[in-house]
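Structure at a glance
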Amino acid sequence: MKLGVVGKDVSRSESPVMHKFIAERLGYEIEYDKISVSEDRFADEIDDLLKSYDGLNFTIPYKLSVIPYLNNVSGDAKAFGAVNTVKTADLSGHNTDGLGFMLMLYDAGAEIEGKKYLVIGAGGAGRSVAKKLADAGAEVYVYDKNADRAYAVAQEFGVLHLKEITPSNYYCIINASGIGMHKTEGTSPVGEDVIALCEVAVDLIYVPKKSEFLNIAERAGKKIINGEAMLFYQAYYAECIFAGITPDSVVAGKLFKEYSK
């Protein structure tokens, strides 16, 4: 199969290595390309990309932008209003972010039900995370610098939105904003005063492996989780979709441990 990941800048993406590793362990071979597309070129290039590949993954900022080009959107993708996996044979849109995120949390031993979570960022990943946490019984607060976007997520998924972030006793703070990578590397979406009151800090960023947000949290003695496991698990679920294989979380966990070595 010919596959690839599409984003504004995927030059440092680990997706090709992960997807090839997973496909090989599942018993088939793939090609997997990095496809960086500027926002002003996306509309011009998307049709050709969908015709040229057997399957595509979508990342920042195209998880919502790709939806108008698809025939159907199902499952979590429909619930989240965001797509990260497209099977081009039928132009079907899927979302494996939420599944990958939840498996990452469970594997790390994080508690969810009844716990207070702050999700920073209400884009594609933030939407997925907020809904999955709410469905699992967490008390979820969402913040985005675009207040309307945070409000929309709160209304849609029955969570709470914040107009500003102030120190509070969150069990876990999740950075789903992208702040801390690429041009914002070395910066954190919140300061030490906010981080000091949480128990767990999760950054969906995986490059760098330890963002400034996680550095601050680690210095404050917090449990830290970076996004590599989520990336791996959402890639596993995506490969199952591409290949028509029934996913197995136990298999996924074993593969990640092998990959991590």
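Up top is the structure.
One structure accompanies this document, and this report is about it. (Residues numbered from 1 in each chain as written. Predicted model: local features only at pLDDT ≥ 70, side-chain atom pairs only at ≥ 80, totals over all residues. Heavy atoms only, no water.)

The next point concerns the pattern of salt bridges. Evaluated as defined, the whole model comprises 16 salt bridges. A salt bridge links Glu39 to Lys8; the nearest nitrogen and oxygen atoms lie 3.1 Å apart. In this pair, Glu39 sits in the loop between β2 (31-36) and α2 (42-52) while Lys8 sits in the loop between β1 (2-7) and α1 (15-26), placing the two residues 31 residues apart along the sequence. The salt bridge involving Glu185 is made with Arg12; its shortest N-O contact spans 3.4 Å. Of this pair, Glu185 sits in the loop between β10 (172-175) and α7 (192-195) while Arg12 is found in the loop between β1 and α1, placing the two residues 173 residues apart along the sequence. For Arg12, a relative accessible area of 42% puts it in the partly exposed group. The network of salt bridges with common partners includes Glu14, Lys209 and Glu228. (Salt bridge = Lys/Arg side-chain N within 4 Å of Asp/Glu carboxyl O. Helix = DSSP H or I, 4+ residues; strand = E, 2+ residues; numbered from the N terminus. Buried < 20%, exposed > 50% of the residue type's maximum accessible area, 1.4 Å probe, protein only.)

This part takes up the nonpolar core. Residues Phe101, Tyr117, Leu133, Ile174, Val202 and Leu204 are the most contacted members of the largest nonpolar core, which totals 48 residues. No other element matches the 9 residues that helix α9 (residues 228-243) contributes to this core. In this view, Ile174 contacts Phe101, Tyr117, Leu118, Val119, Ile120, Val129, Leu133, Val202 and Leu204; residues no more than four positions away in its chain are not counted. (Core = buried A, V, L, I, M, F, W, Y, C linked by side-chain atoms within 4.5 Å. Contact = heavy atoms within 4.5 Å.)

Moving on to α9. Compared with an ideal rise of 1.5 Å per residue, which puts 16 residues at 22 Å, α9 spans 22 Å between its outermost C-alpha atoms and is within 8% of the ideal. Of all 16 residues in α9, 14 are buried; the element is thus mostly enclosed. Count one or two residues on from α9 and you reach Gly244, which has phi positive near 70 degrees. (Expected span 1.5 Å × (residues − 1).)

Looking now at helix α10 (residues 249-260). Look at α10: 16 Å from first C-alpha to last across 12 residues, which is about the 16 Å you get at 1.5 Å a residue. Buried residues of α10: Ala252, Gly253, Leu255, Phe256 and Tyr259, and no others. Mapping the buried residues of α10 onto a view down its axis gives an arc of 165 degrees, with all of them on the same face. Along α10, exposed side chains directed more than 90 degrees from the buried face belong to Val250, Lys254 and Lys257. Buried residues belonging to α10 abut α1, α4 (97-108) and α9. (Arc of directions from axis to C-beta.)

Turning our attention to the sheet that holds strand β12 (residues 223-226). Within the open sheet, the 6 strands sit side by side as β9-β8-β7-β10-β11-β12. Their pairing is parallel. Each having just a single partner strand, β9 (160-162) and β12 make up the two edges of the open sheet. Across the sheet, the mean angle separating the axes of adjacent strands is 20 degrees when strand polarity is ignored. Pairing geometry for strand β11 (residues 200-203) and β12, over 4 bridges, is parallel. Bridge pairing in β12 links Asp203 to Asn226. (Pairing = 2+ DSSP bridges. Axes fitted to C-alpha atoms, helices over the stretch in contact; angles between N-to-C directions.)

Let us now look at the layout of surface pockets. When its volume is computed, the largest pocket comes out at roughly 1,600 Å³. Lining the largest pocket are 50 residues, with Ile60, Pro61, Ser177, Gly178 and Met181 sitting closest to its centre. Going through the elements one at a time, β1, α1, β3 (55-58), α5 (124-135) and α9 are the ones with two or more residues in the lining of the largest pocket. For the lining of the largest pocket, a count of residues per class yields 22 nonpolar, 18 polar and 10 charged. The space that makes up the second largest pocket amounts to roughly 180 Å³. Taken together, Met104, Asp107, Ala108, Ile224, Ile225, Asn226, Ala229, Tyr233, Phe256 and Lys257 make up the lining of the second largest pocket. (1 Å grid on protein atoms, 1.4 Å probe; cavity = no way out; pocket = protein on both sides within 12 Å on 5 of 7 lines; lining within 4 Å. Points joined across faces, edges and corners; volume = space filled by probe spheres on them. Nonpolar A, V, L, I, M, F, W, Y, C, P; charged D, E, K, R; others polar.)

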